2 protein chains.
Amino acid sequence: MSEAPVALPKSIPPKSEDLSAWYTAVCLKAELISYAPVRGCVVLRPYGYGLWENLQRELDARFKATGHENAYFPLLIPESLLTKEAEHVEGFAPEVAWVTHGGGEKLTERLAIRPTSEVTIGTMYSQWVESYRDLPILINQWANVVRWEKATRPFLRTMEFLWQEGHTAHAGAEEAREETLKMLGVYEEFARNVAALPVLSGPKSASERFPGAVETYSIEALMPDGKALQSGTSHDLGQNFSRAFDIAFTDIDGAVKFAYTTSWGVSWRMLGAVIMAHGDDRGLRIPPKLAPIEAVFIPIVRGEDRRAIDRAHELAATLKRSGMRVRVDDRDQSPGWKYAEWEMRGVPVRIEIGPRDVDAGSVVLVRRDLEKGMPDRSRSIAVDALEEELRRSLELVQESLYAQAKAALDARIVRIVDRDAFFTAARDRVGMIDIAWCDRPECEAHIKAECSATTRVLRPLDGDEKICVACGEPAKVRAYVAASY
Amino acid sequence: MSEAPVALPKSIPPKSEDLSAWYTAVCLKAELISYAPVRGCVVLRPYGYGLWENLQRELDARFKATGHENAYFPLLIPESLLTKEAEHVEGFAPEVAWVTHGGGEKLTERLAIRPTSEVTIGTMYSQWVESYRDLPILINQWANVVRWEKATRPFLRTMEFLWQEGHTAHAGAEEAREETLKMLGVYEEFARNVAALPVLSGPKSASERFPGAVETYSIEALMPDGKALQSGTSHDLGQNFSRAFDIAFTDIDGAVKFAYTTSWGVSWRMLGAVIMAHGDDRGLRIPPKLAPIEAVFIPIVRGEDRRAIDRAHELAATLKRSGMRVRVDDRDQSPGWKYAEWEMRGVPVRIEIGPRDVDAGSVVLVRRDLEKGMPDRSRSIAVDALEEELRRSLELVQESLYAQAKAALDARIVRIVDRDAFFTAARDRVGMIDIAWCDRPECEAHIKAECSATTRVLRPLDGDEKICVACGEPAKVRAYVAASY
């Protein structure tokens with residue numbers, strides 16, 4: 001089918017002109033979210049929740065394959081428990097929502113809505129662990145958490161959000177460190193292969209560490225405006241929480257020791273990165289593995305000839321039986337309107353069927369990842385080969401979205417050795433700025449004050465540079481510096 | 001293998017002597033739950049959460065097959081919203097936990113932690129619905145809710161619990177009523193075929209209705225102590241919520257009308273019914289379709305001959321590849337100890353392998369649903385037939401647990417026509433007492449005051465009885481009366 005020229009839905013400004021306005025508009029217009037009647041919160045509508053379900057299924061399978069089990073811990077945390085680990089409470093107390101009344105009475109102790117569950121889970125682990133035989137404990141929780149936020153941006157910053165939090169306890173420091181890195185690796189692989197997001201990963205600086213952690217690692221995606229988006233974190237908590245919560249065990253040698261714990265989490269924020277990194281002026285472009293709808297049929301009616309609708313439903317039913325997520329749009333709208341609508345919603349492949357296709361036993365597959373006029377964007381295929389060809393097209397879309405995002409990231413990793421050039425680049429948000437760095441909190445604070453950027457992840461020194469680009473002190477590490485969401 | 005006589009784990013009292021003590025002990029000892037550090041709450045441990053995951057998967061598939069989609073709505077509800085529907089707030093306000101402080105400040109308006117989500121979802125539907133084309137809306141949410149409770153019993157009564165709540169909006173009253181009954185039917189089928197629970201279902205009396213509903217239907221299971229356990233409810237909300245929240249639409253005839261809404265829910269309470277109905281003196285008996293572990297291998301080591309352990313792991317790996325949920329217990333404990341342990345945990349089938357089985361290429365399957373000495377309880381099978389025979393055994397256990405529960409329910413449905421006999425039976429908790437009833441709240445209040453029992457579900461009058469057994473007024477319906485959890 002040839003495409004009639006169609007005006008973009010008026011309510012979506014082009015992404016290339018105003019990322020922020022585009023982002024909010026597409027989240028609403030594609031019906032991923034609605035703003036909720038309680039401040040700072042959003043409703044995840046069915047199409048948005050479909051993204052979350054696919055993320056959950058893919059991550060959950062990876063957690064189970066690495067030996068983790070799911071469990072559920074309470075929403076509410078007594079104040080006395082939250083204050084047991086000093087750095088932790090200092091980090092989270094300002095963001096806590098407090099329950100003070102229940103069952104018609106004022107409570108004798110305030111209850112925090114969990115901002116994260118280390119303290120509850122630490123308390124339980126102290127009860128469950130007696131001997132080295134009880135270790136490791138490898139548990140994950142899918143849950144909602146609340147952190148009081150001043151501003152709201154769908155997926156990126158909301159008062160309540162959905163996430164998973166893994167919490168493990170180990171007999172030795174090395175094993176805990178390995179777990180922390182293993183789960184960082186799971187996140188990195190998930191980002192690459194499911195979310196089609198290339199990320200930079202590594203340890204965080206001391207200032208950017210999780211409150212109470214010995215070491216925090218993260219994966220960082222780069223957004224089109226040059227800002228980084230932290231998309232997953234993995235924390236080595238050492239013995240900080242096991243000492244605070246008395247997670248002690250009798251080791252094989254009879255000595256009583258504190259366990260080593262880790263925690264790691266990914267939230268619906270990752271979906272914000274997916275939306276922002278892959279979208280284009282026409283709307284969302286959803287990686288097939290996350291797409292609630294992998295392909296949409298657009299049957300084309302010519303006068304009284306409505307055979308395409310029946311054919312579309314037949315083909316869709318067959319694909320659904322094979323476990324594919326497809327839909328037929330048989331609404332009373334023009335094909336051009338539907339093309340624009342489903343492009344805006346980011347469905348990876350559309351399947352056009354007109355009367356001539358019905359006669360010829362063919363359909364036309366059109367990929368969402370490619371621009372109009374590009375050679376592989378659309379092709380006519382025989383209906384007998386539909387499932388195979390559709391699966392192949394979905395793989396190609398998945399790979400192509402990753403390749404495009406990878407090229408965009410690579411183009412914006414900039415190695416800088418000059419001090420002035422560094423501060424200018426950081427202010428201008430050119431991307432991930434790669435510098436030799438001193439690893440000092442004072443230097444990080446200065447960079448943050450000067451250009452609202454921070455180190456995102458660190459890595460070992462390489463090459464000849466021995467001086468911190470930002471301050472001239474001796475360099476200890478290399479750092480990627482960027483402004484961040 | 002012959003079974004060594006093994007003492008029951010000391011901490012579980014026999015179910016037949018003290019149901020309540022048995023229930024609490026088995027929930028803790030089987031590691032379904034732990035008590036949490038916040039009052040009224042429990043932790044769902046991995047084995048307990050495994051039950052919930054299976055319940056979720058089975059119910060979710062049924063919701064999707066009936067056209068529903070999942071979404072997620074906020075945890076917190078502004079007070080002004082909760083009070084919009086008069087009966088609803090009256091019913092729930094006494095149970096609400098209130099957030100009064102957040103982000104270090106006192107809030108200008110209190111926020112309720114959702115006890116249920118009708119008011120938030122009603123608010124959103126009023127925004128999403130404009131025309132009859134936007135209807136029906138068929139949405140389900142998997143979520144946590146909080147209701148302030150004085151007492152705590154694992155699964156049955158906790159301050160926070162996990163559940164699903166379906167919320168739908170329709171153009172017509174008849175369609176909403178059909179939806180309400182359809183989802184009641186889904187619950188009934190799920191209870192029977194997955195949870196192996198026979199239930200009585202039907203409309204509730206006016207006093208037992210959901211606050212704000214026009215009609216509430218429920219499914220009711222019977223526990224061994226003669227008390228009913230409401231295991232799922234489905235509410236026809238009529239236009240009560242659509243008027244309160246302005247869910248109005250322009251119909252095909254151009255007239256603006258209020259929608260008709262429904263809501264329906266099942267919580268982890270259903271798992272309490274599963275535990276209590278099926279368990280025996282030795283512990284849990286979990287229906288295979290809900291079992292986190294469908295079968296456990298117990299390899300038997302004789303002196304240096306440890307081949308059974310390797311064989312068990314090989315066979316388990318093969319079964320896992322076929323998607324079966326199996327585990328090998330290769331711990332350094334006696335077989336008898338392990339038999340008692342896994343019987344207590346309710347694993348439907350155990351698979352014994354000793355050195356002679358290794359030689360013979362066989363294993364012994366032992367079913368959890370049958371008593372020692374019963375002819376079909378254990379049998380030796382060839383390893384080549386293991387998957388097929390195991391699947392068959394699991395089906396038999398599933399069917400047999402249902403049959404046993406059905407026989408127990410049928411034996412305790414008692415039709416009574418005499419007033420004194422009725423009050424005595426209700427006080428004595430003989431089971432589901434089937435009476436002709438007047439359908440008057442005053443009569444229900446009297447029954448409740450006299451014998452702590454209520455009507456569980458109603459059905460049309462049949463037979464010759466025309467007088468209410470409880471009060472002598474004209475009978476309008478038949479009612480099942482029982483004390484309840």
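*Asks:* Requested: an account of the domain arrangement of chain A, with residues and values cited.
*Replies:* Splitting chain A by domain gives domain 1 (19-75 + 117-278), domain 2 (295-396) and domain 3 (413-482). The distance between the C-alpha centroids of domain 2 of chain A and domain 3 of chain A comes to 49 Å.

*Asks:* Explain the relation of the copies chain B and chain A residue by residue, including any values.
*Replies:* Expressed as a screw transformation, the operator carrying chain B onto chain A has a rotation angle of 180° and an axial translation of 0.0 Å, and the superposed copies differ by an RMSD of 0.0 Å. What we have between these two chains is a two-fold relation. Taking C-alpha positions as reference, the residue of chain B nearest the rotation axis is Val99 of chain B, located at 2.1 Å. An overlap of 100% is found between the interface residues of chain B and their copies at the interface of chain A, pointing to a shared contact surface.

*Asks:* Got a sec to walk through the sheet that holds strand E19 (residues 378-382) of chain A? Specific residues and values, please.
*Replies:* Residue and element names in this part refer to chain A. If you trace the five strands from one edge of the open sheet to the other, you get E16-E15-E17-E18-E19, paired in mixed fashion. Unpaired on one side and paired on the other, strand E16 (326-328) and E19 mark the two borders of the sheet. Averaged over all pairs of adjacent strands, the angle between their axes in this sheet comes to 25°, without regard to strand direction. Note: strand E17 (residues 349-353) against strand E18 (residues 362-367), four bridges, orientation antiparallel. In the strand pairing of E18, Val349 is matched with Arg367.

*Asks:* Any details on the nonpolar core? Residues and values, ideally.
*Replies:* Counting 84 residues, the largest nonpolar core has Leu76, Val99 and Ile113 of chain A together with Leu76, Val99 and Ile113 of chain B as its most contacted members. The residues contacting Ile113 of chain B, other than those within four sequence positions of it, are Leu75, Leu76, Val99 and Ile113 of chain A together with Leu75, Leu76, Ala97, Val99 and Val146 of chain B.

*Asks:* I'd like a description of the sheet that holds strand E21 (residues 432-437) of chain A, backed by residues and values.
*Replies:* All names here are of chain A. Pairing within the open sheet is mixed, and its four strands lie in the order E20-E21-E23-E22. Edge positions in the open sheet fall to strand E20 (413-415) and strand E22 (454-460), since each of these has one partner strand only. Ignoring which end each strand starts from, the neighbouring axes of this sheet average 30° apart. Examined bridge by bridge, E20 and E21 share three bridges and lie parallel to one another. The partner of Val414 across the bridge, within E21, is Ile433.

Analysis parameters
Residues numbered from 1 in each chain as written. Chains lettered and ligands numbered in written order. Predicted model: local features only at pLDDT ≥ 70, side-chain atom pairs only at ≥ 80, totals over all residues. Heavy atoms only, no water. Domains from an automatic or database assignment. Least-squares fit on C-alpha atoms with pLDDT ≥ 70 in both. Contact = heavy atoms within 4.5 Å. Pairing = 2+ DSSP bridges. Helix = DSSP H or I, 4+ residues; strand = E, 2+ residues; numbered from the N terminus. Axes fitted to C-alpha atoms, helices over the stretch in contact; angles between N-to-C directions. Core = buried A, V, L, I, M, F, W, Y, C linked by side-chain atoms within 4.5 Å. Buried < 20%, exposed > 50% of the residue type's maximum accessible area, 1.4 Å probe, protein only.

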